[in-house]
Amino acid sequence: MLHITSLSEGLEIFKALGSDVRIEILNILLEENNINMNELASRLNITNGALTNHIKKLESCGLITASGEAAGHGNQKICSIIQDKILVELEKSEDFENVYHTEIKIGHYSNYQISPTCGLATDHTLIGEVDDPRYFEHPSRYNADILWFSKGYVEYVIPNFIPGQNRINQIYISCELSSEAPGINENWPSDIRFYLNDICIGTWTSPGDFGDVKGIFTPEWWPPNWNQYGLLKLIIINKKGTFIDGLKISDVTINDFNLDYRSSLRLKMAIEEDADHVGGLTLFGKSFGNYGQDIQVRLYYSPMNDT
């Protein structure tokens, strides 16, 4: 998901979307997931040269990717959509210029309690054996780029290195996640609860465990009948409440935490037995899924003496 916070920031995206042909390209990619450029040009009834210009504009602003793939008649480009959501917020964030950005690797959880089905993997191999929770303690788990479990939780410490004598006004958390079904099942809802410092900030229901096509960044060695990609979700906690992808999920505000430069921040993602849909959780890091990122966090802050 692309998050645009100002008109100037979104200018190139808006330009790219200002074409009927490029909109049709995105519609086809949303429907087909992956498609050869020759076939795409044929469906649009335009030349390959004309299509190339449109693809370059969509690729330059991060909406799609075009990668080479061996084919019967030489290398051909395969087009895939990267961003399936665009969130535009035109209201200026409080103290927008003061931001601390950090990333948390999938394997860098500080606490966990999980039940099978479960497992972890780096970008090149499984860590231990699947469905054995003991391997969540394995030293190699710090290199994990994907993890999954059916019930329980993982908890991460968010590094807080904002300058001294400042308070936290907003928190943005971005991560790719899905359900965890036995095998894969795109219709496998799961209620994922999010906690900050043990306070439940809301729940998002993942629609399924996706494996219809290979994830853009998922390694070639990864089995085809396992989780391939998730959905990129943006969680925002500010003075108005807690939001996912711009939709309010709770009345918990940033003021409920009284956070400053000395505060510890613990983010928990849980699948709980009392949920309506106990469908597990899969977390994707840089080397898996469709978005090529770890858990990204932005802390917005301002001086404590500001009123």
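For the structure itself, look to the data block above.
Asker: Whenever I open this one, the overall build of the protein confuses me. Can you help?
Answerer: A tally of regular secondary structure across the protein gives four helices and 17 strands. Relative to the 2.2 N^0.38 estimate, which gives 19 Å for 307 residues, the radius of gyration of the protein is 21 Å and therefore close to what a compact globule would have. Summarising its shape, the C-alpha atoms of the protein cover approximately 60 × 50 × 35 Å along the three principal directions. Restricting to contacts in the protein with at least 6 residues of sequence separation, those with at least 24 account for 71%. About 14,300 Å² of surface is accessible on the protein, with carbon and sulfur atoms providing 48% of the total.

Asker: Can you help me understand the state of the cysteines in this one?
Answerer: Here a disulfide denotes a covalent bond joining the sulfur atom of one cysteine to the sulfur atom of another. Under the criterion given, the structure shown has zero disulfides. With no disulfide of its own, Cys 118 lies 20 Å from the sulfur of Cys 175, the closest cysteine sulfur. Cysteine Cys 200 shares no disulfide, and the gap to the nearest cysteine sulfur, in Cys 175, comes to 15 Å. Look at Cys 200 and you get partly exposed, because its relative accessible area is 33%.

Asker: Whenever I open this one, the packing of helix α3 (residues 37-44) against helix α4 (residues 48-60) confuses me. Can you help?
Answerer: When two helices pack together, their arrangement is captured by the angle between the axes and the distance separating the axes. Between α3 and α4, whose axes approach to 9 Å, the crossing angle comes to 105 degrees. Taken together, the axes of α3 and α4 lie roughly perpendicular to each other. Across the interface between the two elements, Met 37, Asn 38, Leu 40, Ala 41 and Leu 44 of α3 pack against Asn 48, Leu 51, Thr 52 and Ile 55 of α4. The residue inventory of the contact of α3 with α4, partitioned by class, reads six nonpolar, three polar and no charged.

Asker: What am I meant to see in the pairing of strand β10 (residues 190-196) here?
Answerer: For a regular strand, side chains alternate in direction, first toward one face of the sheet and then toward the other. Judged by how many residues are buried, β10 sits mostly within the fold: seven of seven residues are covered. Judged by which residues are buried, β10 turns out to be covered on both faces: Ser 190, Ile 192, Phe 194 and Leu 196 on one side and Asp 191, Arg 193 and Tyr 195 on the other are all buried. In this structure, β10 lies alongside strand β11 (residues 199-206), joined through seven bridges in antiparallel fashion. Bridge pairing links Ile 192 to Trp 204 in β11. The hairpin formed by β10 and β11 contains two residues between the paired strands, and Asn 197 there has a positive phi angle of roughly 50 degrees. Inspection of the sheet shows β10 paired to strand β15 (residues 265-271) by four bridges, in the antiparallel sense. Note on β15: the bridge partner recorded for Tyr 195 is Lys 268.

Asker: For this particular structure, what's the right way to read the side chain of Ser 190?
Answerer: Mapped onto the secondary structure, Ser 190 falls in strand β10. The class of Ser 190 is buried, set by a relative accessible area of 0%. A polar atom in the side chain of Ser 190 sits 3.2 Å from the backbone nitrogen of Gly 279. Non-local contacts of Ser 190, meaning those with residues more than four positions away in its chain, are made with Ser 179, Trp 204, Thr 205, Ser 206, Ile 271, His 277, Val 278, Gly 279 and Gly 280.

Asker: Looking at this structure, how should I read unusual backbone geometry?
Answerer: One can expect most non-glycine residues to show negative phi and most peptide bonds to be in trans. In the segment running from Pro 116 into Thr 117, the intervening peptide bond is cis, with an omega of 5 degrees. Note that Thr 117 resides in strand β7 (residues 111-121). Positive phi, normally seen in glycine, also occurs at Asp 131, with a value near 65 degrees. Topologically, Asp 131 is positioned in the loop between β7 and β8 (146-158). Accessibility expressed as a relative area gives 38% for Asp 131, which makes it partly exposed. A positive phi angle is found at Gln 165, which is not glycine, with a value near 65 degrees. For Gln 165, the position within the fold is in the loop between β8 and β9 (166-178).

Asker: Where do I start with the packing of helix α2 (residues 20-32) against α4 in this structure?
Answerer: Relative orientation of the contacting elements α2 and α4 amounts to 75 degrees, with a least axis distance of 10 Å. Comparing their axes, α4 and α2 come out roughly perpendicular. Between α2 and α4, the contacting residues are Val 21, Arg 22, Ile 25 and Leu 26 on the first element and Leu 51, His 54, Ile 55, Lys 57 and Leu 58 on the second. Across the contact of α2 with α4, the residue classes break down as six nonpolar, one polar and two charged.

Asker: What am I meant to see in the pattern of salt bridges here?
Answerer: Oppositely charged side chains can pair when the atoms bearing their charge come close. Across all of its chains, the model carries 14 salt bridges by this definition. The salt bridge involving Arg 134 is made with Asp 132; its shortest N-O contact spans 2.8 Å. The buried category is assigned to Asp 132, whose relative accessible area is 15%. Linking Glu 155 and Arg 266 is a salt bridge whose minimum nitrogen-to-oxygen distance equals 3.2 Å.

Calculation notes
Within every chain, residues take consecutive numbers counted from 1 along the sequence as written. With pLDDT at 70 or above as the cut-off, local features in this predicted model cover only qualifying residues; side-chain atom pairs require 80 or more to be listed or tallied, and sums for whole chains, interfaces and linings still use all residues. Side-chain calculation: all heavy atoms of the structure are included, whereas hydrogens and water are not. Put simply, DSSP marks the helices as runs of H or I at least four residues long and the strands as runs of E at least two long, and each gets a number from the N terminus on. Values of the radius of gyration come from C-alpha atoms, whereas the globule rule sets the reference at 2.2 Å times the count of residues to the power 0.38. The contact definition used throughout considers only heavy atoms, calling two residues in contact when any of these lie within 4.5 Å. Each accessible area is a Shrake-Rupley result for a 1.4 Å probe, and residues are judged covered by the shown protein chains and nothing else. Any pair of cysteine sulfurs within 2.5 Å is marked as a disulfide. Three labels apply to residues, based on accessible area from a 1.4 Å probe with only protein chains included: buried if under 20% of the type maximum, exposed if over 50%, partly exposed otherwise in between. Here the axes come from fitting lines to C-alpha atoms, over the contacting stretch only for helices, and the angles between their N-to-C directions go from 0 to 180 degrees. Angular relationships are summarised with four words: roughly parallel below 35 degrees, roughly antiparallel beyond 145, roughly perpendicular across 65 to 115, and oblique for the angles in between. Only Asp, Glu, Lys and Arg are considered charged, only Ala, Val, Leu, Ile, Met, Phe, Trp, Tyr, Cys and Pro nonpolar, and every remaining residue, Gly among them, polar. Here the rule is simple: two strands pair whenever DSSP picks up at least two bridges between them. Two N or O atoms form a polar contact when they lie within 3.5 Å of each other; inside protein one atom must be a possible hydrogen donor and the other a possible acceptor, and for residues adjacent in sequence the pair counts only when both atoms belong to side chains. When a carboxyl oxygen of Asp or Glu lies within 4 Å of a side-chain nitrogen of Lys or Arg, that pair is called a salt bridge.

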